[in-house]
Amino acid sequence: MLGAHRVSTDPDPREEVTLDPADWADFRRLAHRMVEDMVDHLATLRSRPVWQPMPNEVRDSFDQPVPMKGQGAEAAYRAFATNVMPYPNGNLHPGYFGWVQGTGTPLSMMADMLAAGLNPHMGGHDQAPVLVEKQVISWLVQLMGLPAGASGLLVLGGSMANILGLAVARSSQAGFDLRQDGLWGAKARMMIYASSETHGWIGKAIELLGFGHASLRHVPVGPDYRMSVRALKEQIQADRASGLQPICVVGNAGTVNTGATDDLRQLARVCRDEGLWFHVDGAFGALARLSERLRETVNGIEEADSLAFDLHKWMYQPFDVGCLLVRDGDAHRAAFARSTSYLRSMARGVMAGGLPFADLGVDLTRGFRALKVWMSLKAHGVETFGRLIEQNVDQAQYLARRVAAHPQLQLLAPAPLNVVCFRFAPGRMEEAALNRLNEELLFRLQESGVAVPSSTALAGRFALRCAIVNHRSVRADLDRLVEAAVAIGRQLVHESHGSRAREAG
Ligand SMILES: *Cc1c(COP(=O)(O)O)cnc(C)c1O
């Protein structure tokens, strides 16, 4: 209704609104309170249960109509402090060993606030935050032992880093213009090899990249949970013989289940001999390189063509931040770079240098994840991280020894790094009953608030799984875990005797 438009009814400019506070002094007070409360939260973690179930009124508080009228920052913060803050999954707590989850650090919490405050667009542009990320990437390239021409990108996490790594492998190994023709241009099915212990990201990756599961070979592992190199070679030969096109081997540096690391040197050699791309998933294991003592456990990682790892796991950073490094920076850019007129690099001004990060992945708009990593490395130094990683490995070895020495506990897999799998095994009991008992033990242990391990299945056995990537844990926390697990296990045996006696009676 253009005709109805009358300039004289334009709103009064004094009524234009903004999301900045009406009173900065009020906002400053609220902001300080948020910082105080969160610092208190971190400083008093130990005094609370690791995890606690949410009461119904808390759950119900998340089932409300969308607020059409605002209630103010104060009320919004109060809702957070009452119903959100007390009920996280517990990963910050020193008694948390479930899964491989970063614990966060107070410094990086503040760095994330600074990053959100500055809120730079991290696709690129001629700005200092871009230099921060470039600096972080060059440090990480160096720490992982990759050559100077390597490129990299901070991404959401290990899954995305791995998926992007496989995407680079796909376009650079295809042998035709994959970006133009897609997989329709392939003369033969492309094949990818990864051990059966590889994390679930790979299933998503091969679906998303259009390969399909028929392109993925799950290479068997030995009793040490490392990929059988002989089986790998045989599979590659067999696939070539039947006209398939092997393109990539995925090695693991630290598997989720047991912390095993494939023989990366040997895998690199196979890839060289066969002309295949060597991708390494080092989600947490890659960080072992930060320790002089542990570096050899991931020997060969520096030979990767692409390497994915997380900083929000074993570098203790708050979520989220993962990293992809690619040995051949040109291959990396060739997989993703696009030229779009409105995003073109310009000779001068804000757009000088273009959008280098947008050319290395799929995200255009990205946040300033790099800041917390940059500040952490500056503040604490690589040596501190190396020492903490060693401390976690020593704690895992301590736990494994305590388990092995206990007559009612059983270690279920070798513990070469920081993952320990065990169960309560009170003498003669069928496997199925043992699995049920240990599952109930896990529930009660988590609900007790004393410790949070996770679980996995190893050769059909239900295992309590402790992945230690926590800079707050001390050995006494592992003692508490062992004692609680045994006490609950005994209680369960006692209860089952009771119920069997009742059934018999
Ligand atoms: C955690 C993990 C991943 C996935 O990383 P996210 O950061 O959770 O996306 C992949 N591989 C391994 C070995 C992992 O431990």
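Remember, it's a predicted structure, so these values are computed and weren't measured experimentally.

**Q** How should I be thinking about the sheet that holds strand β9 (residues 419-424) in this particular structure?
**A** Backbone hydrogen bonds hold the strands of a sheet together, and the pairing may be parallel or antiparallel. Judged by pairing direction, the sheet is antiparallel, and its four strands sit side by side in the order β8-β9-β11-β10 without closing on themselves. What marks the edges here is a single partner per strand, and that holds for β8 (409-411) and β10 (454-458). Recorded for the sheet is a direction-independent mean angle of 40° between the axes of neighbouring strands. Bridge count between β9 and strand β11 (residues 461-467): four bridges; the pairing is antiparallel. Along β11, the bridge assignment pairs V419 with A467.

**Q** I tried to follow the state of the cysteines on my own but got confused; where do I start?
**A** Disulfides are covalent bonds that connect the sulfur atoms of two cysteines. As enumerated under the stated definition, the model contains zero disulfides in all. Unpaired in terms of disulfides, C271 finds its nearest cysteine sulfur in C248, a separation of 7.0 Å. For C466, which is in no disulfide, the shortest distance to another cysteine sulfur is to C421 and amounts to 8.2 Å. Judged by relative accessible area, which is 0%, C466 ranks as buried.

**Q** Please explain empty space enclosed by the protein as it appears in this structure.
**A** Gaps left between atoms show up when a probe the size of a water molecule is rolled over them. Following the criterion strictly, the structure yields three cavities of 30 Å³ or more and no others. For the largest cavity, the calculated volume is near 60 Å³. In terms of lining, the largest cavity is formed by H199, N252, G254, T255, V256, D281, A283, F284 and K313. Counted by class, the lining of the largest cavity contains three nonpolar, four polar and two charged residues. Counted as a void, the second largest cavity has a volume near 50 Å³. Around the second largest cavity, the lining residues are L153, L154, V155, M160, L164, G361, V362, D363, R366 and R369.

**Q** What is the right way to look at the pairing of strand β7 (residues 322-326) in this model?
**A** The side chains of a regular strand alternate, first on one face of the sheet and then on the other. Here β7 lies mainly inside the structure; five of its five residues are buried. Side chains of β7 alternate between two faces, with G322, L324 and V326 and C323 and L325 buried alike. As judged from the five bridges shared by strand β6 (residues 306-310) and β7, these two strands associate in the antiparallel manner. Following the sheet pairing, A308 is matched in β7 by L324.

**Q** Any chance you could explain the pairing of β6 here in plain terms?
**A** Counted residue by residue, β6 has five buried out of five residues, so it is predominantly covered. With three bridges connecting them, strand β5 (residues 277-281) and β6 associate as parallel partners. Considered in β6, the bridge of V280 is made with L307.

Rules and cut-offs
Residues numbered from 1 in each chain as written. Predicted model: local features only at pLDDT ≥ 70, side-chain atom pairs only at ≥ 80, totals over all residues. Heavy atoms only, no water. Pairing = 2+ DSSP bridges. Helix = DSSP H or I, 4+ residues; strand = E, 2+ residues; numbered from the N terminus. Axes fitted to C-alpha atoms, helices over the stretch in contact; angles between N-to-C directions. Disulfide = S-S within 2.5 Å. Buried < 20%, exposed > 50% of the residue type's maximum accessible area, 1.4 Å probe, protein only. 1 Å grid on protein atoms, 1.4 Å probe; cavity = no way out; pocket = protein on both sides within 12 Å on 5 of 7 lines; lining within 4 Å. Points joined across faces, edges and corners; volume = space filled by probe spheres on them. Nonpolar A, V, L, I, M, F, W, Y, C, P; charged D, E, K, R; others polar.

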